[in-house]
There are 2 protein chains.
Amino acid sequence: MDELIEPLLAGNRRALSRAITLIESSREDHRARASALLAALPARASLRIGLSGTPGVGKSTFIEAFGQMLTGEGARVAVLAVDPSSARSGGSILGDKTRMERLSRDPNAFIRPSPSQAQLGGVARRTRETVQLCEAAGFEVVLIETVGVGQSETLVADMTDLFILLLAPAGGDELQGVKRGIMEIADLILVNKADGDLEAQARRTVADYAGALRLLRKRPGDPEGFPKALPVSAVTGAGLARAWEDMQALADWRRSSGEFERRRADQARRAFEAELRGRLLARLERPAIRALVGDLGAQVAAGDLAAPDAATQVLARLSAEPE
Amino acid sequence: MDELIEPLLAGNRRALSRAITLIESSREDHRARASALLAALPARASLRIGLSGTPGVGKSTFIEAFGQMLTGEGARVAVLAVDPSSARSGGSILGDKTRMERLSRDPNAFIRPSPSQAQLGGVARRTRETVQLCEAAGFEVVLIETVGVGQSETLVADMTDLFILLLAPAGGDELQGVKRGIMEIADLILVNKADGDLEAQARRTVADYAGALRLLRKRPGDPEGFPKALPVSAVTGAGLARAWEDMQALADWRRSSGEFERRRADQARRAFEAELRGRLLARLERPAIRALVGDLGAQVAAGDLAAPDAATQVLARLSAEPE
């Protein structure tokens, strides 16, 4: 049995960190060990919350305040990040733990920066596995943060039980700036900065979004009143308890209707299919195949070979290779 | 030799239609015949022009007028459409030939509606092959129309020599509504409806877009002044000759600099790689494999099997199967 399992199940954060590093590694032996480790872990009940919001909306401050509220209630909270842009920038969101200084020192919290990744597919798999590890380590609430870039919200919504959109107070005109697709996957829209001078504007923004949400078709399996919009202040803490109550109420409703388990089952099945496609395509990345594709691609580019014939040659070579 | 080749090379439009239908078929024997046909066709010089514009901008009227101007100059013009939304709607753009009534009766024009398709990848391959067929049939100008939906512009830009964006006269504020990515791939922005009451507004819009284009980095390999914005009127025909001159000037510049051939070679290489990925993934669609994926997916969804182990089983089964 892997030496990491015991401390991991006991909730040891250092063991958790090491296990995640193993999962993020692309070394063959690390991957094998990670697979065996994951297969050996028991499933534990948890609530997976996706959180999206553009830069400047106060996402770190919100997570810091919200996370501490949860740990104050005795919950253990893991915070992960999905940042597809980190591959380009080389940086990572959550990379600077000082962004959530107090939460990161909280023994009941675990914060893991987004790894720099080349592919969104790889990010998805590793994040899903990291969630499993956090849950095995006894973190009942797993918060997955993402910046609103490209497909990352859909990706995060597809691995969480609830999806929260954090927005800033805005004029009615700016409402259109929120992509319809994102509005449609949000279970809860939280308008942050509902404090001081911005409080009235935040409340108006909440009303605007509440109106927009009413126009969207209600999703089957959701209780009356959801999706909904609420004002919060990450600075004063106002509205955070109410938001958490709503998250729990929605999760409970989905649990009792069977929707919760059905969503997780769907997510697991789709993740398997995505992993399958990813691993099949990864065969094209083997050095000998890459060389062949490069060679035949040059002939196709020069007009000396038809693309279908070139593809047939590569596929034949792949079939002839040992696994 | 395929019986279609001779009439196709002679420019027979009925043979061209039949060859395209062959290419659009998913029947195995049709695919085999289509591949053989394509491999046997000679390459002929042509200019491939991508054209995008949102509904209401006057795209059909533009193509009708522009196409007739070209056939009037003795050119043979094929008009194709890429419409990723047709899979959902069941309809197709260009489906109603009455949209371009006169051009469709022109013996030197060929108009082919967008087929209803399930996958963007399939649309791309079939459109590329249709372009080859049209060129073999002696159409020197191939115009590929697309509605501005999702990734379709990028797809069309990646199979054409020039990319034209057709826009309506607009207030300065609306300029931001044009996605930056589309501005960046456009070689020429044509502001339509520069006639009657809208002429002044169209000219202001041209100035706005010209300013926006200057802010975008000039692409290497393009002559001074490109990308550029021009006013046109599909109704009066004003500006069409000027736009065609500019298209030819840019194409000539790219031909003499080698950029034209380099782009086509890159496009051919990328199309080959996309076809390769598509055919590799198509293995997962075989009935026996689909059944296995469904069965293992259910076990993964139920939590009885780890996704990596399920994926390994499918990949092993694929390797054991004959091609």
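Data block above holds the structure.
This report concerns the structure included in the present document. (Residues numbered from 1 in each chain as written. Chains lettered and ligands numbered in written order. Predicted model: local features only at pLDDT ≥ 70, side-chain atom pairs only at ≥ 80, totals over all residues. Heavy atoms only, no water.)

**Some points on the sheet that holds strand E3 (residues 109–111) of chain B**
All names here are of chain B. Read across the sheet, 7 strands follow the order E3-E2-E4-E1-E5-E6-E7 without closing on themselves; strand pairing throughout is parallel. Looking at which strands have only one partner, the edges of the open sheet turn out to be E3 and strand E7 (228–231). Each neighbouring strand pair of the sheet contributes to a mean axis angle of 20°, computed without reference to strand direction. Relative to strand E5 (residues 162–167), strand E1 (residues 47–52) runs parallel, the two sharing 4 bridges. Bridging from a neighbouring strand, Leu 51 pairs with Ile 164 of E5. (Pairing = 2+ DSSP bridges. Helix = DSSP H or I, 4+ residues; strand = E, 2+ residues; numbered from the N terminus. Axes fitted to C-alpha atoms, helices over the stretch in contact; angles between N-to-C directions.)

**Regarding the packing of aromatic side chains**
Applying the stated criterion across every chain yields a total of 6 aromatic pairs over all chains. Between Phe110(A) and Phe139(A) the ring centres are 6.0 Å apart and the planes differ by 45°, which places this aromatic pair in the tilted class. Of the two residues, Phe110(A) is situated in strand E3 (residues 109–111) and Phe139(A) in the loop between helix H7 (120–136) and strand E4 (141–146); the sequence distance between them amounts to 29 residues. Here a set of aromatic residues connected by ring pairs shows up, and it is made of Phe62(A), Phe66(A) and Trp244(A). Across the ring face of Phe139(B), the terminal group of Arg76(B) is positioned such that the distance to the ring centre comes to 4.1 Å. Stacked on the ring of Phe226(B), the Lys or Arg Lys228(B) has its end atom at 4.8 Å from the ring centre. (Phe/Tyr/Trp six-rings, centres within 6.5 Å; stacked < 30°, edge-to-face > 60°. Lys NZ or Arg CZ within 6 Å of the ring centre and 35° of its normal.)

**What about unusual backbone geometry?**
Residue and element names in this part refer to chain A. With an omega of -5°, the peptide bond between Phe 226 and Pro 227 qualifies as cis. Tracing the backbone through its elements, the reader meets Pro 227 in the loop between helix H10 (199–215) and strand E7 (228–231). For Lys 193, which is not glycine, the phi dihedral falls at a positive 70°. Mapped onto the elements of the fold, Lys 193 is located in the loop between strand E6 (188–191) and H10.

**Details of the interface of chain A and chain B**
In this assembly, 29 residues from chain A lie in contact with 29 residues from chain B. Both faces combined, the contact of chain A with chain B buries some 2,900 Å², and carbon together with sulfur accounts for 76% of it. Interface area lost by chain A to chain B is led by Phe272(A), Leu276(A) and Leu280(A), which between them contribute 23%. The interface formed by chain A and chain B holds 0 salt bridges in total. Listed by contribution, the elements that provide at least two residues to the side of chain A that touches chain B are helix H12 (259–282), helix H13 (287–301) and helix H14 (307–320) of chain A. It is H12(A) that contributes the most residues to the side of chain A that touches chain B, 11 residues altogether. (Contact = heavy atoms within 4.5 Å. Buried area = accessible area lost by both parts, 1.4 Å probe. Salt bridge = Lys/Arg side-chain N within 4 Å of Asp/Glu carboxyl O.)

**Digging into the pattern of salt bridges**
Applying the stated criterion across every chain yields a total of 50 salt bridges over all chains. Between Arg112(B) and Glu24(B) there is a salt bridge, and its shortest N-O distance comes to 3.1 Å. Residue Arg112(B) is located in the loop between E3 and helix H7 (120–136), and its partner Glu24(B) is located in helix H2 (residues 13–24); the two are separated by 88 residues in the primary sequence. A relative accessible area of 21% means that Glu24(B) is categorised as partly exposed. Between Glu129(B) and Arg31(B) there is a salt bridge; the shortest N-O distance is 3.6 Å. Pair noted here: Glu129(B) is in helix H7 and Arg31(B) is in helix H3 (residues 28–40), with a separation of 98 residues, a long-range link. When salt bridges with common partners are traced through the structure, they connect Glu259(A), Arg262(A), Asp266(A), Arg269(A) and Glu273(A) into a single cluster. (Buried < 20%, exposed > 50% of the residue type's maximum accessible area, 1.4 Å probe, protein only.)

**Quick notes on the relation of the copies chain A and chain B**
Overlay of chain A on chain B (RMSD 0.2 Å): rotation 179°, translation along the axis 0.1 Å. The relationship between the two copies is best expressed as a two-fold rotation axis. In terms of proximity to the rotation axis, the leading residue of chain A is Ser319(A), whose C-alpha is 3.3 Å off the axis. Most of the interface of chain A is mirrored in chain B: 100% of its interface residues are interface residues there too. (Least-squares fit on C-alpha atoms with pLDDT ≥ 70 in both.)

**Examining the packing of H13(A) against H14(A)**
Residues and elements named next belong to chain A. In the contact formed by H13 and H14, the axes pass within 10 Å of each other and the chain directions differ by 165°. Here H13 is positioned roughly antiparallel relative to H14, judged by the angle of their axes. Between H13 and H14 lies a crossing whose hand is right-handed. Where H13 abuts H14, its residues Ala 288, Ile 289, Leu 292, Val 293, Leu 296 and Val 300 lie against Ala 307, Ala 310, Gln 313, Val 314, Arg 317 and Leu 318. Of the residues that constitute the contact of H13 with H14, the class distribution is 10 nonpolar, 1 polar and 1 charged. (Parallel < 35°, antiparallel > 145°, perpendicular 65-115°, else oblique. Left-handed = near helix turned anticlockwise from the far one by under 90°. Nonpolar A, V, L, I, M, F, W, Y, C, P; charged D, E, K, R; others polar.)

**Overview of the sheet that holds E3(A)**
Residues and elements named next belong to chain A. On the basis of which strands lie adjacent, the open sheet formed by 7 strands has the order E3-E2-E4-E1-E5-E6-E7 and parallel pairing. Each of the sheet's edge strands pairs with one partner strand only, and the pair in question is E3 and E7. Taking each pair of neighbouring strands and ignoring which way they run, the sheet shows an average axis angle of 20°. Relative to E6, strand E5 (residues 162–167) is paired through 4 bridges, and the arrangement is parallel. The partner of Leu 167 across the bridge, within E6, is Val 191. Its contacts with the sheet place H10 against E5, E6 and E7, and it is angled at close to 175° to E7.

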